[in-house]
2 protein chains.
Amino acid sequence: MTLPSPNPIFAEALERGKARRERSGALEYLRLVDDFRGLAKGSVQLPDRWIAGYPRIGRIYRLEQGIRQQFEAPFWAEEKIDGFNVRIVRYQGEILAFTRSGYLCPFSTDRVPELMPLDIFDQHPDLVLCAEIAGPENPYTEGGPVFVPEDVQAFVFDLMRADQTGFLPVPQKMALTDRFGLPTPRGYGRFTTGDWSQLGALLNRLDGEGREGVVLKEDSTRNRRVKYVTRFSGIYDVWIRASDVVELPGDFFTGRVLRLALFVDEAGMPHDAGLSRDLGNAFLERLFESVEKFKRDGRVYHTFRCRFRSQEGAEAFMEHIHRILGHTYVVQRGLEARGRHWVLTFDKEVPKLTGLLHQLFQGAAVVD
Amino acid sequence: MTLPSPNPIFAEALERGKARRERSGALEYLRLVDDFRGLAKGSVQLPDRWIAGYPRIGRIYRLEQGIRQQFEAPFWAEEKIDGFNVRIVRYQGEILAFTRSGYLCPFSTDRVPELMPLDIFDQHPDLVLCAEIAGPENPYTEGGPVFVPEDVQAFVFDLMRADQTGFLPVPQKMALTDRFGLPTPRGYGRFTTGDWSQLGALLNRLDGEGREGVVLKEDSTRNRRVKYVTRFSGIYDVWIRASDVVELPGDFFTGRVLRLALFVDEAGMPHDAGLSRDLGNAFLERLFESVEKFKRDGRVYHTFRCRFRSQEGAEAFMEHIHRILGHTYVVQRGLEARGRHWVLTFDKEVPKLTGLLHQLFQGAAVVD
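Residues numbered from 1 in each chain as written. Chains lettered and ligands numbered in written order. Predicted model: local features only at pLDDT ≥ 70, side-chain atom pairs only at ≥ 80, totals over all residues. Heavy atoms only, no water.

A. Here's a closer look at the overall build of chain A. If you tally the helices and strands in chain A, you get 11 helices and 17 strands. For 368 residues, the compact-globule estimate of 2.2 N^0.38 gives 21 Å, and chain A sits close to it at 22 Å. Each of the 368 residues in chain A was classed as buried or not, and the buried ones make up 56%. Per element, the accessible surface of chain A, about 15,100 Å² overall, is 48% carbon and sulfur. Within chain A, one finds 49 positive and 51 negative side-chain charges whose respective centroids are separated by 2 Å. (Helix = DSSP H or I, 4+ residues; strand = E, 2+ residues; numbered from the N terminus. Rg over C-alpha atoms; globule rule 2.2 N^0.38 Å. Buried < 20%, exposed > 50% of the residue type's maximum accessible area, 1.4 Å probe, protein only. Areas by Shrake-Rupley, 256 points an atom, 1.4 Å probe, with all protein chains shown as cover. Lys, Arg positive; Asp, Glu negative; His and termini not counted. Charge placed at Lys NZ, Arg CZ, Asp CG, Glu CD.)

B. Fine view of the relation of the copies chain B and chain A. For the match of chain B to chain A, the screw axis carries a shift of 0.0 Å, the RMSD comes to 0.0 Å, and the turn is 180°. Taken together, these values place the two copies in the relation of a two-fold axis. Residue by residue, 100% of the interface of chain B is reproduced at the interface of chain A, so both copies engage with the same surface. (Least-squares fit on C-alpha atoms with pLDDT ≥ 70 in both. Contact = heavy atoms within 4.5 Å.)

C. The arrangement of the packing of aromatic side chains in detail. All names here are of chain B. Applying the stated criterion across every chain, the model contains 41 aromatic pairs over all chains. Consider the rings of F71 and F75, whose centres lie 4.5 Å apart with planes at 20°: the pair is stacked. Assessed through its relative accessible area of 5%, F71 is described here as buried. Among the residues examined, F75 registers a relative accessible area of 0% and is labelled buried. Taking the centre distance of 5.1 Å and the plane angle of 80° together, the rings of F252 and F253 count as edge-to-face. (Phe/Tyr/Trp six-rings, centres within 6.5 Å; stacked < 30°, edge-to-face > 60°.)

D. Representation of the side chain of A:Q45. All names here are of chain A. Note that Q45 resides in strand β3 (residues 44-46). Residue classification places Q45 among the buried positions, given a relative accessible area of 5%. Among the polar contacts made by the side chain of Q45, one reaches the side chain of S5 at a distance of 2.7 Å. Each residue touching Q45, except ones within four places of it in the same chain, is listed here: S5, P6, N7, F10, Y29, L30 and W50. (Polar contact = N/O pair within 3.5 Å; in protein donor to acceptor, adjacent residues only side chain to side chain.)

E. Quick peek at the state of the cysteines. Residue and element names in this part refer to chain A. This model, assessed by the stated rule, comprises zero disulfides over all chains. Counting only cysteine sulfurs, C306 is the nearest neighbor of C105, a cysteine outside any disulfide, at a range of 9.3 Å. On the accessibility criterion, C105 (0% relative accessible area) is buried. (Disulfide = S-S within 2.5 Å.)

F. Local environment of helix α6 (residues 196-208) of chain A. Residue and element names in this part refer to chain A. Compared with an ideal rise of 1.5 Å per residue, which puts 13 residues at 18 Å, α6 spans 18 Å between its outermost C-alpha atoms and is within 8% of the ideal. All buried positions along α6 are accounted for by L199, G200, L202, L203, L206 and D207. Down the axis of α6, the sector holding all buried residues measures 160°, keeping them to one side. Downstream of α6 by one or two residues, G210 has phi in the positive range, about 70°. (Expected span 1.5 Å × (residues − 1). Arc of directions from axis to C-beta.)

G. Highlighting the packing of helix α8 (residues 250-267) of chain A against helix α9 (residues 273-297) of chain B. Close contact between α8(A) and α9(B) brings their axes to 10 Å; oriented N to C, the two are set at 60°. Between α8(A) and α9(B), the angle falls in the class oblique. The handedness of the crossing between α8(A) and α9(B) comes out as right-handed. Taken together, the residues of α9(B) that come into contact with α8(A) (itself represented by A:V257, A:L258, A:L260, A:A261, A:L262, A:V264 and A:D265) are B:F283, B:L284, B:L287, B:F288, B:V291, B:E292 and B:K295. Of the residues in the contact of α8(A) with α9(B), the class split is 11 nonpolar, no polar and three charged. (Axes fitted to C-alpha atoms, helices over the stretch in contact; angles between N-to-C directions. Parallel < 35°, antiparallel > 145°, perpendicular 65-115°, else oblique. Left-handed = near helix turned anticlockwise from the far one by under 90°. Nonpolar A, V, L, I, M, F, W, Y, C, P; charged D, E, K, R; others polar.)

H. α8(A), seen in detail. With 18 residues, α8(A) ought to run about 26 Å at 1.5 Å a step, and its terminal C-alpha atoms sit 26 Å apart, in line with that. Just past α8(A), the residue A:G268 takes up positive phi, approximately 65°.

I. Summary view of the sheet that holds strand β16 (residues 341-349) of chain A. Residue and element names in this part refer to chain A. Read across the open sheet, the three strands follow the order β14-β16-β15; overall the sheet is antiparallel. Both edges of this open sheet fall to β14 (301-308) and β15 (330-338), since each of them pairs with a single strand only. Strand-to-strand twist in this sheet, taken as the mean axis angle between neighbours without regard to direction, amounts to 15°. Two strands pair when backbone bridges link them, and β14 and β16 are joined in this way by eight bridges, in the antiparallel orientation. Within β16, the residue paired with F304 across the bridge is F346. Set on the sheet, helix α10 (residues 311-325) makes contact with β14, β15 and β16; between it and β16 the angle comes to about 15°. (Pairing = 2+ DSSP bridges.)

J. The interface of chain B and chain A, seen in detail. Contacts between the two partners involve 56 residues from chain B, matched on the other side by 56 residues from chain A. Here chain B and chain A share an interface that buries about 4,400 Å² over both sides, 70% of which is from carbon and sulfur atoms. For the pair chain B and chain A, the interface holds six salt bridges. Here B:D368 makes a salt bridge to A:R59, at a shortest N to O gap of 2.8 Å. In this assembly, chain B and chain A are joined by 14 residue pairs in polar contact (both at pLDDT 80 or more). (Buried area = accessible area lost by both parts, 1.4 Å probe. Salt bridge = Lys/Arg side-chain N within 4 Å of Asp/Glu carboxyl O.)

K. The arrangement of the pattern of salt bridges in detail. All names here are of chain B. Per the counting criterion, the structure on display carries 90 salt bridges over all chains. Note that R161 and D126 form a salt bridge whose closest N and O atoms lie 3.3 Å from each other. With R161 in strand β10 (residues 153-161) and D126 in the loop between α4 (120-123) and β9 (127-134), this pair connects stretches of sequence that are 35 residues apart. Judged by relative accessible area, D126 falls into the partly exposed class, the value being 29%.

L. Local environment of unusual backbone geometry. Residue A:P6 is bonded to the preceding A:S5 through a cis peptide linkage, with omega at -5°. Within the element layout of this structure, A:P6 appears in the segment before α1 (8-15). Its identity is not glycine, yet B:D151 carries a phi of approximately 50°, on the positive side. Relative to the assigned elements, B:D151 resides in the loop between β9 and β10. You can call B:D151 buried: its relative accessible area is 9%.

M. Here's a closer look at the environment of A:M269. Residue and element names in this part refer to chain A. Summarising the element assignment, M269 is placed in the loop between α8 and α9 (273-297). Among the residues examined, M269 registers a relative accessible area of 14% and is labelled buried. Discounting chain neighbours no more than four positions away, the residues touching M269 are N204, D207, R231, F263 and V264.

Here's what the structure looks like:
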């Protein structure tokens with residue numbers, strides 16, 4: 001879908017409460033807070049350009065049947081990366097990065113110019129780079145991929161065009177990212193639905209290396225895509241999030257358990273004590289740490305640390321996260337120049353778990 | 001609260017959709033489907049007698065602070081038993097047993113006369129015996145307590161009176177159950193809020209024996225009560241229900257994980273690999289069995305087996321469960337006389353997990 005900008009869908013969305021006005025510095029924009037008329041949640045209207053939201057991608061739980069059912073043509077396999085999704089544009093001469101929800105992200109906007117070369121925009125000013133920003137020093141999520149040992153890295157995995165929905169075909173995307181030296185996720189090549197056992201072997205290898213899985217993209221105009229993740233990914237997700245256990249719907253956790261059980265079953269891996277221990281440890285290890293933290297400090301929180309190129313970027317980020325999460329729950333701890341970066345540290349409280357533990361440690365009785 | 005029968009609250013509840021008319025054979029009764037005007041969900045109006053619902057009991061997650069916060073007077077500790085809750089009355093000369101939801105339970109009604117002596121009703125015709133029916137051959141839930149190796153047993157843990165809410169005080173209950181030889185849960189005696197460490201030692205012992213925990217009942221007119229369960233209980237609950245993982249809200253499982261983490265922490269038990277392995281195994285062992293069952297039979301189900309005194313009782317039970325769960329999901333497999341019992345076997349399908357696995361094994365992509 002190609003539509004002029006301003007795109008009339010946003011005006012209608014605003015009227016119906018499906019879009020919100022946002023401001024970042026001097027820039028005013030609209031952001032869809034729900035899917036609306038074919039545009040995904042997180043779509044953004046800048047004064048004279050709009051950017052489609054990054055659509056949700058379905059997930060298969062069985063590789064063999066999944067690829068048969070989902071694809072009508074050969075497909076590309078690319079590494080799935082555990083980070084946060086941004087869309088990067090050059091707008092009125094400035095590089096801007098928007099989160100999945102459609103907020104201008106002050107962290108990514110600050111860092112992107114040192115995470116990748118951006119001269120692609122000189123020749124293709126209307127491109128939208130869809131990238132995962134991943135690593136232990138990202139400001140949104142704990143943890144990150146095993147292959148990003150510090151700070152963050154960016155991985156461009158899709159290209160879109162402003163004022164349009166839909167992705168560039170994979171070969172065209174590969175040609176462009178290659179030519180302009182953009183960092184990308186590992187590509188594993190092109191497969192057909194008959195290549196199930198090769199793909200299965202690839203997934204087993206990724207699992208053994210502690211990698212998350214793959215995104216499969218049909219090599220066709222409809223460019224259909226699905227995700228498929230490893231056993232490791234299920235255990236890692238539980239491990240990362242069980243520290244906050246009640247913060248998420250319980251279905252987050254049981255979904256991971258089912259996912260990894262079906263992976264192990266399909267891969268013919270053993271159902272052994274090692275697997276049980278890894279999963280049980282994933283549920284308990286960091287939860288015990290949270291209980292200790294609560295007993296020591298009276299609250300459960302996570303300390304984030306991330307690097308900015310500029311002090312202004314860090315300050316804009318703190319303002320942004322305060323606005324989104326509230327001042328109560330996010331407390332800045334430090335902002336210092338170190339080498340060529342400004343290092344921001346802040347605590348993010350885990351409010352539901354803190355509140356529940358507070359009640360329980362006072363001896364409350366809970367009816368379930 | 002004492003009110004005449006028919007109790008006008010039921011008529012009002014019926015008008016407001018908070019009560020339903022039920023019939024079992026010639027008996028017509030009303031059952032509250034929600035708490036209403038001080039009566040608990042599951043309260044029952046028989047033609048000229050009403051029976052209060054069994055109230056929900058809160059649960060503490062920390063023993064020391066919990067008993068300090070919850071109790072103003074000494075309290076009794078009784079073993080908590082993992083079965084299903086019934087209220088037993090003698091009405092117009094017949095023994096009737098109602099489930100927690102207020103259904104007349106054909107299974108319990110059939111079996112109660114051989115599970116306990118009932119001459120208590122000769123002298124106390126207005127008593128309501130609140131009992132847990134537990135054991136591997138119960139028709140509602142899988143599993144049961146370690147100390148009921150086969151069939152079912154009944155344990156009377158509270159006494160109420162018809163046409164009243166509230167329980168008889170614990171000492172009066174104990175005197176009556178003793179005098180009339182009623183089977184009861186183990187009693188561990190009377191404690192004060194200062195006896196935390198003795199109670200903690202008791203709970204550790206119960207945990208080691210694979211027992212569920214305790215119900216604590218204040219020795220006062222307000223007769224307040226709370227539950228507290230062992231680490232074992234958390235793991236066992238996960239183990240029993242993870243075979244159906246998506247059938248329950250995920251919070252069922254994460255609640256158990258939090259509960260056992262707080263138990264282990266308070267008891268000063270080690271956070272070791274054995275604990276992790278037990279919890280991980282609880283999530284996976286029976287889920288893998290369900291996946292195997294699905295691959296073999298195309299559906300996930302559990303086979304129940306239970307004994308009746310009469311063929312009519314078994315038939316009435318099948319009619320009851322068909323009406324509650326639907327014909328699609330419950331299939332009778334056999335009903336045979338064995339010794340002095342009729343043995344009923346039936347399969348109960350796990351519809352959500354069956355449906356989801358059906359989709360996933362066809363290769364569906366799920367958006368989460």
